[in-house]
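Results of the structural survey
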Amino acid sequence: MAADGLRNVPGGDDPQADGEAAIARLLRANTPGSLSLAAAYAAGFMALWEVQQEGTAPHWHGDIDPLDALFLGAVFPKTFHDEFEFANARDAWLRLLRGTVHGKGIQRFVGEAVSASEELQLPVDDKRLMLALNGRLEGAGLDRRSLPRRLLPEAALQSCRAVHGPSPGLQLPEPPVHAKERIRRFWKATDKDLQFEDTPQAVLRDGLRRFHEAGLPVNDESGLLLPALYTALMVKPGELLEDSEKHASAWALSLDERSPLVPVLDILLLAPRLGMSVAETLGRLVAVPSFTEPIPSEALIWTSSPGLALPRLAFESGIPKVSTLAGEVTPDLLDWVGMHARMRLSSIARGSTADFKGPDISDVAEDVREESDEDWAERREAVREAVLKKVRKRSGRTEPSRRRPGHPVERIWNADGSSVVRFSAGTSHGDETKEVLEGQRDAFREKFGREPGPGDPLFFDPDADTPTGLSKEYFDTMMLDMAERAAERGIDPAFLHAWREVGYVVTEENRSMFTTAEVLAFSRAVVRHQQAQE
């Protein structure tokens, strides 16, 4: 069970031997009714190794990290239909452990994984690191306390909503007296009426409008309501609509059962199963108070993929960054990482990108193109047609979707998560951006004596001897310095603090590049910092 090359890793006398010896000891202690967190991790690591040797590992196993492996060992021998069921079950189990002594053990486990990553100079999800981690868990005391049967996944998740969905016998609210009038106003509302609202009602209305433009029968099929809400809130333009139903269900089940959004989502999940019409479903929705209240912030980020729980828990513990095979993850990148995992794994599952390797997380600059209006319009429409084609065929609708006008700044997303950005010439914003990009290219040539290549960062660390992207620390320092002088220039400092917090900035010119969830996250960050200034 050797991990090639581990003996040459700095930071330990023989991490490979330590890890293998620890696995043997932990598995011997892994008896029915006596499963510690360390033993669960050893069992999960071995389960991963065995299916890899057999060549039967599902495609999403490539994104597994130590915390995922721990859960696999705790739930063994159960298997999962896909990565969404796995990740939702993992998160539900971690929520059950929170607040218990075993929840503290999970936090200790996460800390050990990140510390090992830093000491061995390996990404936290590197197979060599994951083997070596076995040798550290006994020293951390994670082999000393057994999980009680009631907290083992087999028992704890028996009736869990995240795994099994809402109960078919769930009592849904009755439509209110004025339901018909409220439904009529819902359909009649215009984009202008709803564009500044951040409620499920407004977002669902926007999603149904988009589906209607795509030729889908939004008035006839209640099964389109949940995908419409999810699509308008979370989906990048390049994500295929054929994935929307599956992704929408995974997202809806990922939320904590205590979330105020759950009553809305449960109606949308159950409506097609119960044969409810669109009108009847809307009648039930308008009876739920949270349908017209702001969407909770925890619903704005994708969590239903492997590799997302460990960084999130690390940040909650105050750990500022986590090194992964894809690059360094910081709190502001959680949404980007989740989005990319969702799109990339779905592409691999379809077999369209079997050898796809996503862009490095640290590569902040996207692929920026200078193309004619005609070429760009063709590119945009080609992607839109690829997104819509299969769903149109399934629904029997063939009418063309409405073409949206171009924007000064546009990003076209491909189905695997890669993207291309274009700044339109002939607009003030486009011309300003072009000047900035040309200035960066000149600075690159002056600093390194050559033209920037495909893998070089356009915005680079000026103090580095080789082309190096701007670090999180450099970016934070720069933004804090700008915020201190913002008022002198007539700029609200909260705008810059929000930019630093979420990692991007939303303006009228570039708003089309972001999902509704991203716009809401940025807007709410601005409000928080404005309130802190008062």
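Along each chain, residues carry numbers from 1 onward, in the same order as the chain's sequence is written. Local features in a predicted model are, by the rule used here, given only for residues with pLDDT of at least 70; side-chain atom pairs are given and counted only at 80 or more, and totals for whole chains, interfaces and linings are based on all residues. By convention in this description, side-chain values take in all heavy atoms of the structure and omit both hydrogens and water.

The next subject is the overall build of the chain. Note on conventions: DSSP H or I runs of at least 4 residues are helices, E runs of at least 2 residues are strands, and numbering of each starts at the N terminus. For the chain, the helix and strand inventory stands at 22 helices and five strands. Partly exposed residues are those whose accessible area sits between 20% and 50% of the maximum for their type, while under 20% is buried and over 50% is exposed, using a 1.4 Å probe and protein chains only. By residue count, 50% of the 534 residues in the chain fall in the buried class. Of the contacts made within the chain by residues no fewer than 6 positions apart, 66% connect residues no fewer than 24 positions apart. Working note: accessible area of the chain is about 25,800 Å², and carbon and sulfur atoms make up 51% of it. Any pair of residues with heavy atoms lying within 4.5 Å of one another is described as a contacting pair. Surface exposure here means Shrake-Rupley accessible area, sampled with a 1.4 Å probe, where a residue is shielded only by the protein chains that are shown.

Our next topic: the packing of aromatic side chains. Here the distance between the centres and the angle between the planes together describe a pair of aromatic rings. Pairs were defined over the aromatic rings of Phe, Tyr and Trp, the Trp ring being its six-membered one, requiring ring centres within 6.5 Å. Orientation was assigned from the angle between planes: stacked under 30 degrees, edge-to-face over 60, tilted for the rest. Enumeration over the complete set of coordinates arrives at 17 aromatic pairs. Here the basic side chain of Lys78 rests over the ring of Phe80, its NZ or CZ set 5.2 Å away from the ring centre. In this scheme, Lys NZ or Arg CZ marks a charge over a ring once it lies within 6 Å of the ring centre and within 35 degrees of the ring normal. When the ring centre of Trp302 is taken as reference, the NZ or CZ atom of Arg342 above it lies at 5.1 Å.

As a further point, take a nonpolar patch on the surface. Think of a patch as exposed residues, more than 30% relative accessible area, with no salt bridge, where like charges cluster within 9 Å and nonpolar side chains (Val, Leu, Ile, Met, Phe, Trp, Tyr) cluster within 5 Å. Should a side-chain nitrogen of Lys or Arg be within 4 Å of a carboxyl oxygen of Asp or Glu, the pair is scored as a salt bridge. Together, Tyr474, Met478 and Met482 line one region of the surface with nonpolar side chains, adding up to about 220 Å² of accessible area. Position of Met482 among the secondary structure elements: in helix H20 (residues 472-484).

By size, the foremost hydrophobic cluster in this structure holds 117 residues, and its most contacted members are Tyr41, Leu67, Trp93, Leu204, Leu233 and Trp251. The element contributing the most residues to this core is helix H2 (residues 37-54), with nine residues. Those residues within four positions of Leu233 in sequence are excluded, and the remaining contacts are Val203, Trp251, Ile295, Ala299, Leu300, Thr515, Thr516, Ala517 and Leu520. Each nonpolar core is a collection of buried residues, namely Ala, Val, Leu, Ile, Met, Phe, Trp, Tyr and Cys, held together in the definition by side-chain atoms within 4.5 Å. Grouped together as the second largest cluster of nonpolar side chains are 12 residues, Ala494, Phe514, Val519 and Val526 included.

With that settled, consider unusual backbone geometry. Peptide bonds are, in most cases, trans, and in most cases residues other than glycine have a negative phi. Omega for the bond connecting Phe76 with Pro77 falls within 30 degrees of zero, at 10°, which places this linkage in the cis form. Along the chain, the position of Pro77 falls in the loop between helix H3 (66-75) and helix H4 (83-97). Positive phi is not limited to glycine here, since Gln121 has a value of about 55°.

Across all of its chains, the model carries 27 salt bridges by this definition. As a salt-bridge pair, Glu174 and Arg284 come within 3.5 Å of each other at their nearest N and O atoms. With Glu174 in the loop between helix H8 (161-164) and helix H9 (179-188) and Arg284 in helix H15 (residues 278-285), the pair connects residues that are 110 residues apart, well separated along the chain. A salt bridge links Asp206 to Arg209; the nearest nitrogen and oxygen atoms lie 2.2 Å apart. Highlighted residues: Asp206 and Arg209, both in helix H11 (residues 200-213), separated by three residues, approximately one helical turn. Judged by relative accessible area, Arg209 falls into the buried class, the value being 16%. A cluster of three or more residues bridged by salt bridges with shared partners is formed by Asp68, Arg90, Asp91 and Arg312.

Another aspect to go through is the environment of Leu229. Here Leu229 lies in helix H12 (residues 225-234). Distance in space between the C-alpha atoms of Leu229 and Gly207 is 5.5 Å, their sequence separation being 22 residues. Leu229 has contacts with Pro200, Val203, Leu204, Trp251, Leu265 and Leu268, leaving out every residue within four places of it along the chain.

Turning our eyes to something else, we now look at the side chain of Arg161. In this fold, Arg161 is placed in helix H8. By relative accessible area, which is 5% here, Arg161 ends up buried.

This paragraph deals with helix H13 (residues 244-254). Burial analysis of H13 places eight of its 11 residues in the buried class, which makes it a mostly covered element. Taken residue by residue, H13 has Ser244, His247, Ala248, Ala250, Trp251, Ala252, Leu253 and Ser254 as its buried positions.

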